[in-house]
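Here is how the chains run, residue by residue.
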Amino acid sequence: MVGPQYDLVGNPLGAVRATFERAAAAESGGHEPVAAFRGKDWGVGEVFRSFLFEQGGLDMIPVLDESNLGLIKPNTLVRFRGMVQDILGNEFYVGAFKDGSTWRTNKFSDSSPFSMPHPCDSHLWERHLFHCVPVPGQNHWTRESSPGPDLRKMSSCLTSEQREKRKRDAENDAMDVSENGSEETSSSSKKAKDDGVQISNSSLQMSMNEEHVPEMNGVDHHIPGSSFSCLVKVYDMPESQVKLNDVSEFIGVYTFDPELAAPSDNSDDIMFDLMEDVTAQLPPSKVPRLHCLVWRNLSAHDFLPRAPAVEPSPILLKSIRQSLLSHLTLILGKDELAAQCLLLHLLSRLRNKVNVVTVGRLSLNFTGFNRESVSIFGNQLNNLFQRLLPYSQTIPLSIEYLNTATLQPRKDNRSGRLVTGVLQLPQGTHLTFDETLLQSGSLTSKGVENTMLLKNLMESQKVEYDFEFYKLEMPTDVQLLTLSEGKSNILPSDLVVPFRPSSVPAVNVSSEELESWRWYLTTVRSLPQSTETETYQMIQDEMVSAMREDRSLGCSELSRWLTMAQITAASFGEKSLSMEHWQMVKELERLRKERLQ
C-alpha cells in the first residue's frame, strides 16, 4: 500500500510510479520483470479504489465540466460523468521502459516525464479510447447528486501570497518557451520535483484566473448543445465492457496540454511517434484527456442524492404513488384518466424483445392539444419531467424541423469519427414531441428519412446508424410522449388518450416530494415482474373471450393490455401480477375507448 506521504488527489502519478517501481523491483529476478504487467494492474487500482470508496475520498475529487476546465490542475485526479459518444478503438503506447537499471512506466499519462533513452528496452502496451460528452438532455438535479468540491470558491479563498505564487508559476511557464517560438520537448525541458516524482513543464499548474479558461471544441466536434467533450483512455479492460451510449463515471488523471497540439519536432520521441491519427481531430489543446483509474456505469439510482433508510415495501410505494398521481392529475387540469395513463407511461421500460415485439414499452399520445394548450399544459409537463427524470428533451415537430434536423448518427469514414445525431441518446431518456407545430407542407428526402427514423424508434425501440456503406440498427430504451391535435400519423403510439382538462394548473411542489417521487420512479422501474401460472391462465382466457367479442382486437393490443397490467402491479410495489390489477387496466381501457368514440 502507498503511504500517507502521497497525495492521491493532487499527485496520483506519484502513487502510480511508486507502486510500479516497487512491483518491478519485486519481479527483478525474471528475464523481463515487467512483461507480466501488460494489460494487468500491479496494485495501483486497489490503492485508488480503497481511497475513493472506503476512505471517503470520492467527495474530495472535483467533477470535470466545462465551467471548471481552467480551474483544475493538470495531472491531478478528477471525475467525469458523461455518455460514450464514440468508441475510437485502441492506442499503443510505451507502457514501460528501462532507464539505466530502473524500470519506469508511462501508464496513465500522455507523455513520458523522463528522458527516454533511444534505443532502450521497452514494452508496448495498449489502451482503449472513448470520446465522451455531457449526457444529452441531462437534467440539472442529477448534477447536484455528486457535486465534489467547489473549485471556484476554493480559488476565491486563496491568500494574497498564494495568488502571487500562482502568478510567478505562470510567468515561469512562459519563460520555458525557446526564443524561436517552439516549445521545448520532453527530452530537454526543465523538470520539477513533486514527492520524488519528476514531472514535465507541460504538467505545471494552470492559472486559476477565469480569463484563462480555454475555448473548447467548437462546432467541429458535432456535439449539439455543447462544445465540451473529453477523450477518456481506459486501461486493463476486457473488450466490450464500455458500450456506445453508456452513461459512465470515469475517475482518473486529468491532462490538458497545448504542447501536444502540434506534432513533435523531436524524431526520437517514441511516445509522439505512436500517437494514433484517430485523435487528430480531438487536439489536446482543446479536448482534455482523462486517463482512467476507476470507472463504473451509472444508472438512475446513482443520481439519487440519498436513498430512504427503509425497504421499498408495497405500503410505502402505494403511499408515494397516490401522492405522485394526485400531482399529475393537477398539472393535467384534473384529468384523472390522462394522469393514470401518464403514470404508466413514466414507469414503462423496455424489458425484453421477442422477435420484432418489444415487451414493456408504452408510448403515449395525448390528443386534443393545440398551441395554446401546449403553452400551458405542455410546459407544465416538460418542467415536471426536468425535475423528475434524469434525461428529458422536447422536440418541436414541424415540417422545417423534419427537413433540416440531423436525427441520424453517421460515421465519417474520412476522419474515422461517429458524427452524432439527435437520436443518439442514453438509455432511459424521455422524449416529448410537440406535433401542434406541424402544418401542411412538403417533406424533402431528408424529411422523409427523419420521419422513418422516428417511426422506427416508436415501433421497435431502435435507431438506425449510417455507416456510409451500410446501415446498422442500434437498440435503445426511450420513453416517447406525443402532444398532438388529432391522432398522430407520423408517430404511431401504443396508447392514444384524448386530453380533457377542466382547470388550469397552479401547483407547487416541495423538494422533499420531488426526492420521494424520483426515488419512487427509479425503484418501481427496477422491480422484477412475474405472473403466477394460475393468474396468467385466467388472463389468457379473458383475452380469448375479448377477441371473440371484438374481431378488431389484435395481438399487439392484447400485448399492450398485459404490459399495462404489469406496470400497474409494479406501481403498487407488487412484484407479481394479480387479477385485481388486470381488472383495473380493463376499466382504464373502457374509459379511454369511451373518449375515443
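The protein chain has the name Mini-chromosome maintenance complex-binding protein in an unreviewed UniProt entry, where Leersia perrieri is given as its organism.

Asker: Just checking my understanding: could you explain the overall build of the protein chain for this structure?
Answerer: Looking only at helices and strands, the protein chain features 15 helices and 21 strands. Considering only intrachain contacts with a sequence separation of at least 6, the fraction spanning at least 24 residues in the protein chain is 79%.

Asker: Any chance you could explain the nonpolar core here in plain terms?
Answerer: Core analysis: the largest hydrophobic core is formed by 66 residues, its most contacted members being Leu332, Leu342, Phe366 and Tyr520. Of all the elements, helix 8 (residues 336–347) adds the most residues to this core, at nine residues. Leaving out residues up to four positions away in the same chain, Tyr520 has contacts with Leu317, Ile320, Arg321, Leu324, Leu343, Leu347 and Ser571. Val9, Ala15, Leu52 and Val253 belong to the second-largest nonpolar core, a separate cluster that totals 29 residues.

Asker: Looking at this structure, how should I read helix 1 (residues 12–26)?
Answerer: Within an α-helix, residues lying three or four positions from one another point in the same direction, as the helix has 3.6 residues per turn. The end-to-end C-alpha separation of helix 1 is 22 Å, in line with the 21 Å expected for 15 residues at 1.5 Å each. Of all 15 residues that make up helix 1, 11 are buried, and the element is covered over most of its length. Listed as buried for helix 1 are Pro12, Leu13, Gly14, Ala15, Val16, Arg17, Ala18, Thr19, Phe20, Ala23 and Ala24.

Asker: Teacher, can you tell me more about the sheet that holds strand 18 (residues 479–483) here?
Answerer: For sheets, the rule is that strands pair by backbone hydrogen bonds, running either parallel or antiparallel. The five strands are arranged 12-15-18-11-19 in an open sheet whose pairing can be described as parallel. Edge positions in the sheet fall to strand 12 (392–396) and strand 19 (495–498), since each of these pairs with one other strand and no more. Averaged over all pairs of adjacent strands, the angle between their axes in this sheet comes to 20°, without regard to strand direction. Pairing between strand 12 and strand 15 (residues 430–434): five bridges, direction parallel. If you follow Ser392 over to strand 15, its bridge partner there is His430. Helix 9 (residues 371–388) contacts strand 12, strand 15 and strand 18 of the sheet and is inclined by roughly 170° relative to strand 15.

Asker: Got a minute to help me understand the pattern of salt bridges in this structure?
Answerer: Two side chains that carry opposite charge are able to pair once their charged atoms sit near each other. In the structure shown here, the tally under the stated rule is 24 salt bridges. Its salt-bridge partner being Arg127, residue Glu91 comes within 2.6 Å of it at the nearest N-O pair. Here Arg127 lies in strand 3 (residues 122–133) and Glu91 lies in strand 1 (residues 76–99), a separation of 36 residues in the sequence. Accessibility assignment for this pair places Glu91 and Arg127 in one class, buried. Among the charged side chains, a network of salt bridges with common partners joins Arg79, Arg81, Glu249, Arg296 and Asp302.

Asker: Mind showing me how you'd approach unusual backbone geometry here?
Answerer: For residues that are not glycine, phi is negative in most cases, and the peptide bond is trans in most cases. In this structure, Asn75 takes a positive phi of about 65° despite not being glycine. Within the secondary structure, Asn75 sits in the loop between helix 2 (44–53) and strand 1. Judged by relative accessible area, which is 11%, Asn75 ranks as buried. Residues other than glycine seldom take positive phi values, yet Glu468 does so here, at roughly 70°. Positionally, Glu468 belongs in the loop between strand 16 (462–466) and strand 17 (471–475).

Asker: What should I look at first to understand the side chain of Arg289 in this one?
Answerer: As for its placement among the helices and strands, Arg289 is situated in strand 8 (residues 289–297). Despite its burial, Arg289 pairs with no opposite charge; the closest candidate is Asp110, at 4.7 Å N-O. Setting aside chain neighbours within four positions, we find Arg289 in contact with Asp110, Cys230, Leu231, Lys233, Val253, Tyr254, Thr255, Thr279, Leu282, Pro283 and Pro284.

Asker: Just to check I follow, could you spell out the confidence of the model for the protein chain for this structure?
Answerer: As a note on interpretation, predicted positions should not be read in detail where pLDDT is low. In this model, the protein chain carries an average pLDDT of 82, and 79% of its residues clear a pLDDT of 70 or more. Confidence drops under a pLDDT of 50 for residues 154–225, and excluding neighbours within four residues, the segment shows 100 contacts in the predicted structure. In this model residues 261–267 is a low-confidence stretch, pLDDT under 50, and it forms eight contacts with partners more than four residues away in sequence or in other chains.

Asker: Could you clarify how one ought to interpret the pairing of strand 8 in this entry?
Answerer: Two faces, one strand: in a regular strand the side chains alternate between the faces of the sheet. The sheet contact formed by strand 6 (residues 230–234) and strand 8 spans four bridges and is parallel. Note on strand 8: the bridge partner recorded for Val234 is Cys292. When strand 7 (residues 247–255) meets strand 8, the two strands line up antiparallel, connected through eight bridges. Its bridge partner lying in strand 8, Tyr254 is registered against Leu290.

Basis of the calculations
Residues numbered from 1 in each chain as written. Predicted model: local features only at pLDDT ≥ 70, side-chain atom pairs only at ≥ 80, totals over all residues. Heavy atoms only, no water. Helix = DSSP H or I, 4+ residues; strand = E, 2+ residues; numbered from the N terminus. Contact = heavy atoms within 4.5 Å. Core = buried A, V, L, I, M, F, W, Y, C linked by side-chain atoms within 4.5 Å. Buried < 20%, exposed > 50% of the residue type's maximum accessible area, 1.4 Å probe, protein only. Expected span 1.5 Å × (residues − 1). Pairing = 2+ DSSP bridges. Axes fitted to C-alpha atoms, helices over the stretch in contact; angles between N-to-C directions. Salt bridge = Lys/Arg side-chain N within 4 Å of Asp/Glu carboxyl O. Lys, Arg positive; Asp, Glu negative; His and termini not counted. pLDDT = per-residue confidence, 0-100.

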